[in-house]
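Each chain, letter by letter, is given below.
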Amino acid sequence: MLGPERRIPDLPRPPARVDRYELVAEVAQGGMAMVYAARRRDLHGFDKLLALKLLLPHLAREDRFVDMFRDELRIAARIQHANVVQVFDVGEHDGMPFMVMEYLRGRSFANVLQRCEERREDVPRELVIAVIVAVAEGLHAAHEAKSADGERLGVVHRDVSPQNVHLGFDGQIKVVDFGIAEARGRLTSTRTGEVKGKMAYLAPEQIHRERPIDRRTDLWALGVMAWEALAGRRLFRADTDATTMWNVMHAPIPDLRAVAPDVPEVVADQVMACLERDMDLRPSSAAELVGALDAPDGWRVAQVASWTSALFADEKTHEEEALANVLASPPVVLADAPIARPRRAGMGLVAAALVVVGAGGIAAWAALSSDARGEAPTAVIATPPVSAPATTTPPVVAPHEEPAAAVAEPEPVVADPPRARRARSARSSVRARATESPPPATPPPPPRPSSARAEQLLGNPY
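Remember, predicted model here, so these are calculated numbers, not experimental data.

Caption draft 1: Region of the structure containing the environment of Val-263. Mapped onto the elements, Val-263 comes out in the loop between α7 (256-259) and α8 (265-274). Note on Val-263: relative accessible area 1%, which makes it buried. A sequence separation of 33 residues divides Val-263 from Leu-230, and the C-alpha atoms of the two residues are 7.3 Å apart. Sequence-distant contacts of Val-263, defined by excluding residues within four places in its chain, comprise Arg-125, Leu-230, Leu-256, Arg-257 and Ala-268.

Caption draft 2: Structural view of the pairing of strand β2 (residues 21-29). Of all 9 residues in β2, 8 are buried, a share of seventy percent or more. Two elements, strand β1 (residues 17-18) and β2, share 2 bridges in a ladder whose sense is antiparallel. Looking at the pairing, Arg-17 lines up with Glu-22 of β2. Counted along the chain from β1 to the antiparallel partner β2, the turn is 2 residues long, and its residue Asp-19 has a positive phi close to 60°. One ladder, built from 6 bridges, connects β2 with strand β3 (residues 33-41); its direction is antiparallel. Paired with Gln-29 across the two strands is Met-34, which belongs to β3.

Caption draft 3: Quick look at unusual backbone geometry. The amide bond that connects Pro-14 to the next residue, Pro-15, takes the cis arrangement and shows omega of 10°. Its location among the elements puts Pro-15 in the segment before β1. At Arg-158, a position not held by glycine, the phi torsion is positive, near 70°. Turning to its location among the elements, Arg-158 is positioned in the loop between α3 (125-143) and β8 (165-168).

Caption draft 4: How the structure looks around helix α10 (residues 301-311). Listed as buried for α10 are Val-304, Ala-305, Trp-307, Thr-308, Ser-309 and Leu-311. On the buried face of α10, the contacting elements are α2 (109-118), α3, β8, β9 (173-175) and α11 (313-326).

Caption draft 5: Just empty space enclosed by the protein, in detail. Evaluated as defined, the whole model comprises 3 cavities of 30 Å³ or more. Counted as a void, the largest cavity has a volume near 60 Å³. Every residue lining the largest cavity is counted, 10 residues in all, and those nearest its centre are Glu-72, Val-85, Met-101, Asp-177 and Phe-178. The set of elements that each furnish at least two residues to the lining of the largest cavity consists of α1 (63-77) and β6 (96-102). Its residues assigned to classes, the lining of the largest cavity shows 7 nonpolar, no polar and 3 charged. Space inside the second largest cavity adds up to approximately 50 Å³. Residue lining of the second largest cavity: 11 residues in total, with Arg-158, Asp-159, Tyr-201, Gln-206 and Ala-221 positioned closest to the centre.

Thresholds, definitions, all that
- Sequence order sets the numbering: in each chain, residues are counted from 1 along the sequence as written.
- In view of the model being predicted, local features appear only for residues whose pLDDT reaches at least 70, and side-chain atom pairs are presented and counted only at 80 or more, with totals across whole chains, interfaces and linings using the full set of residues.
- Side-chain metrics in this entry use all non-hydrogen atoms of the structure; hydrogen atoms and water are not considered.
- Each helix is a run of DSSP H or I of at least 4 residues and each strand a run of E of at least 2, with the numbering of both proceeding from the N terminus.
- Exposure is judged per residue with a 1.4 Å probe applied to protein chains only, and the accessible area is read against the type maximum: over 50% gives exposed, under 20% gives buried, and values in between give partly exposed.
- Two residues qualify as a contact provided that any one of their heavy atoms is within 4.5 Å of a heavy atom in the partner residue.
- At least two bridges found by DSSP between two strands are what make those strands a pair.
- Residues are said to line a cavity or pocket when one of their atoms sits within 4 Å of a point; the points come from a 1 Å grid over protein atoms alone, cavities being sets where a 1.4 Å probe fits but cannot get out and pockets being open sets with protein on both sides within 12 Å along at least five of seven lines.
- Grid points are joined across faces, edges and corners, and a volume is the space filled by probe spheres set on the points.
- Polar here means any residue outside two lists: the nonpolar Ala, Val, Leu, Ile, Met, Phe, Trp, Tyr, Cys and Pro, and the charged Asp, Glu, Lys and Arg; Gly therefore counts as polar.

Below you can see the structure in the form of structure tokens.
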């Protein structure tokens, strides 16, 4: 641990700079890091929007959390695949490590399941299969990742779940969040009595620890996710972690075809193979799963893009308007800076866009690390005793319904047309005032999202 005399820096606030990157807006704050929309541009016309993930200042004083963050960025940077979120750069700002990633626009698979449940609609079987194949391809790339010396890292994600699968409005499907991934050479290790991951998606070997985990551990979690999405209900989730863990270890696993007869036989067989409690009976790799399934024709990038965009059409429109206003300020070349910087007047547009975001009710911070379904955030949890409950029948849980998370998070706010119109009116007024009179010499910073309702600029599950 660093000495207590060290100053705890403040989080930078837009439009501050972190290294070469202009902070455009705060996206969301999680348990370990703040995520910003950041801009990299220069005098030659290069202009790219990125996501910058910065370790929280108070955690930067703790060696364990710094090492965990560095493990994440080191592992993620070694994985190069279209179905895994890409890391472009790493660095340190005022003692706080950061990573720069591609900026995702879309929703988590958990958000998709929740939205379909709210509308009492079934998720298209073809879409679920496309997601399974894409996630398996991304996981295989992670499992095969190598270090700079050519040695396989032995990456195991350990937190495969709907919350960590992103469906982009551009149709791209990506695995995100390698924050608790296992790999050779990690700076941190799991302590005795700790379980990492979401309880309902843990593999048996993560609980009993009779065998080391490997890539087949991720296939179990993918099997749970696929079974739930195709069956339309939860598999192991119960009212308590202890009962959930008992279900994982002992509860009968219903045959997918018996629950969802319209699922193709080959798909059901592969999903059930992933759910074998004996690791040796599961597929040997994610590539084997991909080879057996393959994404159905017509549900490639274009179809995923159009379906996802239609499902979240109102939110997508509001987000695009907010982002366009935030990015409206062109760069201004300052005499003492070789790098282009935003005009001061652009701050009014940033604040106005954030007002639009708040009024439009863009997906809440839950999409970052939990989701609208109420799944408890990934955490390091002391293992409770796993003993059989009074009855061997798992508690009945409504489809995709979760008990209250350990840390209460706000429900997503769905935009309604009158509020959206008021937001656009407010934005027009702000822009009009900016035109009528020059801004003050030192404009006030944009307001931070309140802890009770921390909306995102866009729904990015970093």
